[in-house]
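One letter stands for each residue in the lines below.
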Amino acid sequence: VYVGPSVTPYTEEGGGLFPSFRLYEKDGVYANSSHSILDHSTFILNLTKVDASKTPVWEKEYSAREAYSMTGLHPSDWADLIQRMETDDSLVQKYYTYRHHSVGNGVCDASCKKSLICGMKSSRTSDPSQCE
């Protein structure tokens, strides 16, 4: 399941996010199409820049395939990303940064990494036993 980001800057944690939206690239409309999601690109409205320039400009933040060096967005591709993240802290940090819409929420430490990867594996961050 793909869930798009929020266009509102509110978060339950009390911090803020840049408004954002996501465009999905889907295998085309033709006979025998797989209708698979081929890639997605996320765009942000950097509120810091808007405050300074008084001009709203939506910027491409990232493409999933480019940012994470993925060959596709199938479950096996996401599983491969998780495996690479388990040993590559810079990849974890990139994922964490994009997850927070490049606002700059600091470094994803060991505890953050464990929780992040657990959530990716199980979609149940409230039940860490799923990741052990």
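All values reported here derive from a predicted model rather than from experimental measurement.

What counts and what doesn't
Residues numbered from 1 in each chain as written. Predicted model: local features only at pLDDT ≥ 70, side-chain atom pairs only at ≥ 80, totals over all residues. Heavy atoms only, no water. Helix = DSSP H or I, 4+ residues; strand = E, 2+ residues; numbered from the N terminus. Contact = heavy atoms within 4.5 Å. Polar contact = N/O pair within 3.5 Å; in protein donor to acceptor, adjacent residues only side chain to side chain. Expected span 1.5 Å × (residues − 1). Buried < 20%, exposed > 50% of the residue type's maximum accessible area, 1.4 Å probe, protein only. Axes fitted to C-alpha atoms, helices over the stretch in contact; angles between N-to-C directions. Parallel < 35°, antiparallel > 145°, perpendicular 65-115°, else oblique. Left-handed = near helix turned anticlockwise from the far one by under 90°.

Asks: I would appreciate a short explanation of the environment of K49 in the present structure.
Replies: Among the structural elements, K49 can be located in helix α1 (residues 47-53). Beyond its immediate stretch of four places on either side in the chain, K49 contacts K54 and E59. Among the polar contacts listed, one links the side chain of K49 to the side chain of E59, at a separation of 3.1 Å.

Asks: Could you clarify how one ought to interpret helix α5 (residues 110-122) in this entry?
Replies: In an α-helix there are 3.6 residues to a turn, and that puts residues three or four apart on one side. For α5, spanning 13 residues, the distance from its first C-alpha to its last is 18 Å, which sits close to the expected 18 Å at 1.5 Å a residue. Three or more residues of α5 are buried, namely C112, K113, L116, I117, C118, G119, M120 and S122. By the N-cap criterion, in which a side-chain oxygen at the helix start approaches the backbone nitrogen of a residue two or three places on, α5 is capped by D109, the distance to S111 being 3.2 Å.

Asks: Is there a simple way to think about the packing of helix α3 (residues 75-85) against α5 in this case?
Replies: When two helices pack together, their arrangement is given by the angle between the helix axes and the distance between those axes. Packing of α3 against α5 leaves a shortest axis separation of 10 Å and a crossing angle of 165°. Compared by their axis directions, α3 and α5 come out roughly antiparallel. Judged by the sense of rotation from one axis to the other, the crossing of α3 with α5 is left-handed. Across the interface between the two elements, L81, I82 and M85 of α3 pack against K113, L116, I117, M120 and K121 of α5.

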